[in-house]
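Coordinate analysis (summary)
One-letter residues, chain by chain:
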Amino acid sequence: VAAMGLSAGEVPLSGSLPMGTGSLTILDSGRVSVSTSVSNRTGSIKAQAGDVLVDGLGNPTGTGFYGVTGGGTGNGAQIEINAASSFALLNAGVISAATQTAANAGAISIASPRLTIDNSLVSVASYNLGAAGTVNITGGKMALAHGGQIWANARDRGAAGSITVTAADSADISSGGYISAATATAAKAGSVVIDSSRVTLDNSVIDASSSGTGNAGTVNITGSRIAFTGGGQIGASAYDRGVAGSVSLAAAESIEISGRDIDGNRSAVFVSTSGKAPAGSVDLNAPKITIRDDGLISGYAYGSTLGGTGTATAGHVQVRTTDLLLENGGKISVEGYDAGGQGSVTVEAANSVRIRGKGEGPDPSPGSDTVSTGILGHGTDIRISTPEILVSESGAIRSESWWQDVPGRIDITTQRLTLESGGHISGNALGHSLTSGIGAPIVIRASEFVRVEGSRNGRGSTIASGT
C-alpha cells in the first residue's frame, strides 16, 4: 500500500515501495491483514505514506495491521510501515505479528520522524511454542503514552523477542506506557534496546523479567540525557527459578532517577531473584548521576523462597561517573538474604560522591529498612573510589548481615572523607539477640583527611562496626 499524494506512481508487487507523500488512514475497525492456517508463511504487509494514522476511535474490535499465524507451521508476517512525516497509532489501535502456533512470530518495523503510540498496542508476542518476533522503531521523536504498549513477550513455551527503539531526538514513555520482552515460561526473556538523545520514563515500565523458569532478559538504554520520574521503572528480575537479567544505562551527559507515582511506587532500576539463581546486574555510566526523592537502584536475592537452599547470589551494581549525588531518599541497595554468594556495589567517581539524607533521627529497629538515603548492602561488598566523599543529614553507607549471613565489606579509597550532621558509615550484624552475626569490616584509605563531626536529631556522625 502506497499513499502517493498528488503524484502518480507505480506500486510494484515486490521490492521497495515508492516514496509516497499522501495520507494513509485506517479507522474504526478498519484492518489490513494477512494470515495463514496451514504450513505456508503468513506473507507480509508494506505501507508507505507521508502520514500514517491508525485510530481505533476506542472500538475494542481491533483497528490496524495484522499478520496472523492461526495454525500450521508457517512463520508470522513481516509488517513494514514507513511514514515520511508522521505515524500515529491511537485509541485502541493494533499492529500485531504474533504467533499462536509452533511457528515463530514475525517482525514489525515502523519508521517516521514523529511516532506516537497512545492507548494502543504493537505486538510480536508468542502464545505457543514459537518464538516471539522483533519490533524495530526508528525516527526522530517517539512518544508512548496513556497505556500504550509494545510487546515481544512469551506466554507459553516460546522465547520472548526483542524491541529496539532508535529516536534521534527523544524517546518519551509516560502515563502508563509499557514496553515488555518478558517471559512466563521455561524459555528466556528477550531484550529491550533504546537509543535516543533524550530518554524519559515517567510513571511507566520497561520489563524484561521472567515469571517462569526461563532466564530474565536485558535492557540497554543509551543517550545524552536519561531520566526516570514519577515511578518509572525498569525490571529484569526472575520471580521463579530463572536467572535474573541485566540493565545498562549509559548517558553522555546525565542520568537521573527520582520520585514516586501516586500509589507510592519508586522510580527504580531493579534486578532480583528468588530460589537458587543469581540476581543479575545494573550498570550506570554517565558524567552526572543523580538518585533523589526516593529513587532506587536495587539488586535483591532471597535464597529460601520456593524451597531454595541459599544458593542465590545477590546482585551487582556498578556506577561509573564524574559526580554521584544521592539525596532525600535516593538509594542504592544490594541485598542477599540466605544467599549463597555475595553481591557488590562498586562506585567509581572522578570528582565526588555526595550523600544527603532526609535528616531522620536514630535508626528504626533492626531488620527494617534502616537506610533511607545512601548505599545499603546486605551480605554485600561496597567499594567506593573517588577523590571526595561527603555524607550528611543522616545519609549512610552501610553494610549489614542478618543472623548467620556472611557480612559484606566496606572499602573506601579517597582523598577527603567528611561525615557531618548525622552522616554515618556502619557495618552491623542484625538478629533477634543482636549477637548472632559478625559486623562488616570497614577499610578507609584517605590520603588527605577523615572528618567526623556534628549530629542530627540526636544521632551523631559515626564510623562503626558491630553487632
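Counting restarts for each chain: residues are numbered from 1 in the order of the written sequence. The predicted nature of this model means local features are confined to residues of pLDDT at least 70 and side-chain atom pairs, given and counted, to a pLDDT of 80 or more, with totals for whole chains, interfaces and linings taken over all residues. Only hydrogens and water are removed before side-chain values are computed, so all heavy atoms of the structure are retained for them.

With that settled, consider the nonpolar core. Ranked by size, the top nonpolar core spans 85 residues in total, and within it Phe-65, Phe-87, Ile-95, Ile-194, Ile-206, Ile-221 and Leu-249 carry the most contacts. When checking whether two residues touch, look at their non-hydrogen atoms; a contact exists if any pair is within 4.5 Å. Filtering out sequence-adjacent residues up to four positions away, Phe-65 remains in contact with Leu-24, Ile-26, Val-32, Ile-45, Ala-47, Val-54, Ile-79, Ile-81, Val-94, Ile-95 and Ser-96. Side-chain atoms within 4.5 Å link the members of a nonpolar core, which is a set of buried Ala, Val, Leu, Ile, Met, Phe, Trp, Tyr and Cys residues. With a 1.4 Å probe rolled over the protein chains alone, any residue whose accessible area is under 20% of its type maximum counts as buried; one over 50% counts as exposed, and the rest are partly exposed.

Let us look at the environment of Thr-418. For Thr-418, the position within the fold is in strand E28 (residues 410-420). Remark: the alpha-carbon pair of Thr-418 and Glu-453, spanning 35 residues in sequence, is separated by 8.0 Å. Not counting chain neighbours up to four residues away, the residues in contact with Thr-418 comprise Ile-389, Leu-390, Val-391, Phe-449 and Arg-451. Only DSSP runs of H or I reaching four residues or more are called helices, and only runs of E reaching two or more are called strands; each is numbered from the N terminus.

Below, the discussion takes up the pairing of strand E23 (residues 343-356). Should DSSP find at least two bridges between two strands, the strands are taken to pair. In the sheet, strand E21 (residues 316-327) pairs with E23 via eleven bridges, with the strands oriented parallel. Across the sheet, Thr-321 pairs through a bridge with Ala-349, a residue of E23. In this structure, E23 lies alongside strand E25 (residues 380-385), joined through six bridges in parallel fashion. Bridge pairing links Val-347 to Ile-384 in E25.

Turning our attention to unusual backbone geometry. The phi torsion at Leu-57 lies on the positive side, around 55°, for a residue other than glycine. Among the structural elements, Leu-57 can be located in the loop between strand E3 (44-55) and strand E4 (63-69). Residue Leu-57 is classed as exposed on the basis of its relative accessible area of 51%. With phi around 50°, Asn-203 is a residue other than glycine that occupies positive phi space. Within the element layout of this structure, Asn-203 appears in the loop between strand E13 (191-202) and strand E14 (205-207). Residue class for Asn-203 comes out partly exposed when judged on its relative accessible area of 34%.

A few words on the pattern of salt bridges. Take a side-chain nitrogen of Lys or Arg and a carboxyl oxygen of Asp or Glu: if they are within 4 Å of each other, that pair is a salt bridge. Taken as a whole and assessed by the stated rule, the structure comprises 15 salt bridges. Its salt-bridge partner being Asp-172, residue Arg-198 comes within 2.9 Å of it at the nearest N-O pair. A residue pair is termed long-range when its members are at least 10 positions apart, and Arg-198 in strand E13 and Asp-172 in strand E11 (residues 162-174) qualify at 26 residues. On the basis of relative accessibility, which here comes to 29%, the residue Arg-198 falls in the partly exposed class.

This part is about the packing of aromatic side chains. In summary, the pairing rule links any two rings of Phe, Tyr or Trp, Trp by its six-membered ring, whose centres are within 6.5 Å, and it sorts them by plane angle into stacked for under 30 degrees, edge-to-face for over 60 and tilted for everything else. Considering all chains together, one arrives at zero aromatic pairs under this definition. Over the aromatic face of Tyr-66 sits the side chain of Arg-31, whose NZ or CZ is 4.3 Å from the ring centroid. Whether a charge sits over a ring depends on NZ of Lys or CZ of Arg being within 6 Å of the ring centre and within 35 degrees of the ring normal.

Confidence per residue, as judged by the predictor, is encoded in pLDDT with a range of 0 to 100. Here the protein averages 86 in pLDDT, while 88% of its residues score no lower than 70. Taken together, the stretch residues 304-310 has pLDDT below 50 and engages in 15 contacts with residues farther than four places along the chain or on a different chain. Here residues 363-369 scores under 50 on pLDDT; set against residues more than four positions off or in separate chains, the count is 14 contacts.

Let us now look at the side chain of Ser-344. Tracing the sequence through the fold places Ser-344 in strand E23. Owing to a relative accessible area of 9%, Ser-344 belongs among the buried residues under this scheme. Any pair of N or O atoms that falls within 3.5 Å is considered a polar contact. Within protein, one atom must be able to donate a hydrogen and the other to accept it, and sequence-neighbouring residues count only if both atoms are side-chain atoms. Looking at Ser-344, its side chain comes within polar contact range of the side chain of His-316, at 2.8 Å. Excluding its chain neighbours within four sequence positions, the residues that come into contact with Ser-344 are Gly-315, His-316, Val-317, Val-334, Thr-380, Asp-381 and Arg-383.

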